[in-house]
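# Breakdown of the fold
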Amino acid sequence: MTALDPRDTGVAAAPIAPPSELRGGVLRAPYRALSFGIVSVVLLIAFEATAVGTAMPVAARELDGVSLYAFGFSAYFTTSLFGMVLSGQWADRRGPLGPLATGIGAFAAGLLLSGTAGAMWMFILGRAVQGLGGGLVIVALYVVVSRAYPEHLRPSILAAFAASWVVPSVVGPLVSGTVTEHLGWRWVFVGIPVLVVAPLALALPAIRRTASGPVDPSAPVEAFDRRRVRLALGISLGAGLLQYAGQELRWLSLLPAALGVVVLVPAVLGLLPRGTYRAAHGLPSVVLLRGIAAGSFIAAESFVPLMLVTQRGLSPTLAGLSLAVGGATWAFGSFVQSRPAMEPHRTRLMVVGMFLVAAAIATAPTVLIDAVPVWIVAVAWAFGCLGMGTVIGSTSVLLLRLSPPKDAGANSAALQISDGLSNALLLAAGGAAFAALGGGMIGAHGSATGAGGSHPGAFVAVFLPMAGVALVGAWVATRVRE
């Protein structure tokens with residue numbers, strides 16, 4: 001067996017493990033408890049993301065806060081951006097154990113606060129606390145993978161992360177809907193924290209043994225970079241202002257939009273790797289590609305159920321299930337990129353993945369033509385999710401490979417910031433275009449009021465630009481070589 005040729009991928013070749021190391025992989029005795037623990041954490045986050053979205057409309061109505069509905073989602077997002085940067089610094093200086101434990105605790109506390117809220121603003125505050133915890137957790141998990149697993153096992157554990165979304169994406173809305181209908185929406189929030197106990201019991205002791213403390217225990221611990229903390233606050237504030245402006249189609253909205261840009265741009269330039277905005281070769285292009293892929297796909301996906309309900313008359317359940325198969329193909333795509341045989345072809349795999357994403361997004365609005373069967377969306381989205389699985393998994397692998405251990409936290413935070421920020425900005429842009437062309441008022445996750453008269457052209461104005469963004473991502477994927 002020979003080492004892989006790094007010229008085929010543009011990155012350093014992964015070391016070849018002996019056969020004894022390959023057998024069992026991430027479930028071998030040294031990694032078994034850690035793997036089960038951190039995958040359980042991802043499973044918990046995935047179930048929350050799919051279940052809470054189903055219960056949110058009922059919660060907003062009972063709390064007399066439908067007008068504030070979108071803030072229930074944006075509050076989570078804006079604080080998670082700050083949590084990502086904070087977690088990156090914390091993990092680089094003192095190890096990932098602290099931010100992971102704190103993040104899980106904040107995540108659970110936020111759920112309890114929202115689940116017991118008596119007013120909508122208290123509910124939103126709970127979502128903000130939950131978002132802070134989610135931001136701390138996701139970056140800390142990447143640092144755990146970087147420190148605890150040898151390079152040849154990282155693609156496998158990252159593929160397991162992707163697979164953890166399959167079951168929640170299918171059963172999450174069904175379980176949440178049943179609980180909301182028979183027990184009440186509050187149980188969706190207060191019931192999830194009970195599930196935190198098992199991941200904590202499995203993951204934290206294993207992390208303490210394998211990945212706790214600074215990279216070099218003998219080196220003095222550096223102080224937190226206050227400038228990066230200020231930039232993190234700026235990126236959260238700027239993103240929140242732009243989200244607000246995108247939902248308020250009035251002349252006065254130009255003021256918060258302008259302020260958001262003024263605050264956001266320097267923060268982004270300061271937190272992402274130098275050269276990200278111009279797709280410089282190597283790490284900057286990896287970070288940029290993550291944002292382009294996630295933002296274009298999620299922004300388009302948010303409008304798919306709404307289009308099927310309002311334009312083709314499907315029930316909300318059927319419209320949601322049309323996307324369910326994507327969870328399986330996403331996991332399969334992540335599995336494919338994790339195979340050692342795919343390593344020499346990783347760059348080409350990412351280019352093909354982005355073409356699949358662009359094709360899926362461009363195909364979806366064809367159902368606006370009555371002669372096109374509605375199942376074409378499910379087929380297209382299955383291929384789009386296959387592409388996303390290869391791209392998202394590969395960007396995670398490349399980021400860890402291109403990051404020195406001392407910078408793994410900061411670079412992982414940059415990757416997640418690119419992902420989350422692109423989601424928010426492209427969703428805001430798509431929502432504004434949709435509303436401006438007669439689509440009605442759009443809330444988070446594609447919810448609508450008065451959307452029954454939505455003009456088909458409003459959906460085209462969302463999907464085609466997002467397909468164009470995905471095509472740009474195919475070009476960026478050619479630049480991940482160092």
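In this report, we go over the structure that sits alongside the text.

Relative orientation of the contacting elements helix H4 (residues 97-115) and helix H5 (residues 120-148) amounts to 160°, with a least axis distance of 7 Å. The angle between the axes of H4 and H5 places the two elements in the roughly antiparallel class. Handedness of the crossing formed by H4 with H5: left-handed. Grouping the constituent residues of the contact of H4 with H5 by class yields 15 nonpolar, eight polar and one charged.

Our focus in this paragraph is the packing of aromatic side chains. Using the criterion set out here, one finds five aromatic pairs in the structure. Between the aromatic rings of Phe297 and Trp330, the centroid separation amounts to 5.9 Å while the plane-to-plane angle is 75°, which identifies the pairing as edge-to-face. Within this pair, whereas Phe297 is found in helix H12 (residues 283-301), its partner Trp330 is found in helix H15 (residues 325-338), the two being separated by 33 residues in sequence. Among the aromatic residues, ring-to-ring pairing joins Phe123, Trp185 and Phe189 into one connected group.

Our focus in this paragraph is a nonpolar patch on the surface. Together, Val261, Val265, Leu269 and Tyr277 give the surface a local cluster of nonpolar side chains, amounting to about 420 Å² of exposed area. Among the secondary structure elements, Val265 is positioned in helix H11 (residues 254-271).

We now examine the environment of Pro456. Take Pro456: it is sitting in helix H19 (residues 456-477). The spacing of Pro456 and Phe434 is 22 residues in sequence and 9.7 Å in space, taken between C-alpha atoms. Excluding anything up to four places from it in sequence, Pro456 contacts Gln311 and Leu368.

Calculation criteria
- Residues numbered from 1 in each chain as written.
- Predicted model: local features only at pLDDT ≥ 70, side-chain atom pairs only at ≥ 80, totals over all residues.
- Heavy atoms only, no water.
- Axes fitted to C-alpha atoms, helices over the stretch in contact; angles between N-to-C directions.
- Helix = DSSP H or I, 4+ residues; strand = E, 2+ residues; numbered from the N terminus.
- Parallel < 35°, antiparallel > 145°, perpendicular 65-115°, else oblique.
- Left-handed = near helix turned anticlockwise from the far one by under 90°.
- Nonpolar A, V, L, I, M, F, W, Y, C, P; charged D, E, K, R; others polar.
- Phe/Tyr/Trp six-rings, centres within 6.5 Å; stacked < 30°, edge-to-face > 60°.
- Patch = residues over 30% accessible without salt bridge, like charges linked within 9 Å, V, L, I, M, F, W, Y side chains within 5 Å.
- Areas by Shrake-Rupley, 256 points an atom, 1.4 Å probe, with all protein chains shown as cover.
- Salt bridge = Lys/Arg side-chain N within 4 Å of Asp/Glu carboxyl O.
- Contact = heavy atoms within 4.5 Å.

Read these as layout, nothing more, since geometry by itself doesn't imply function.
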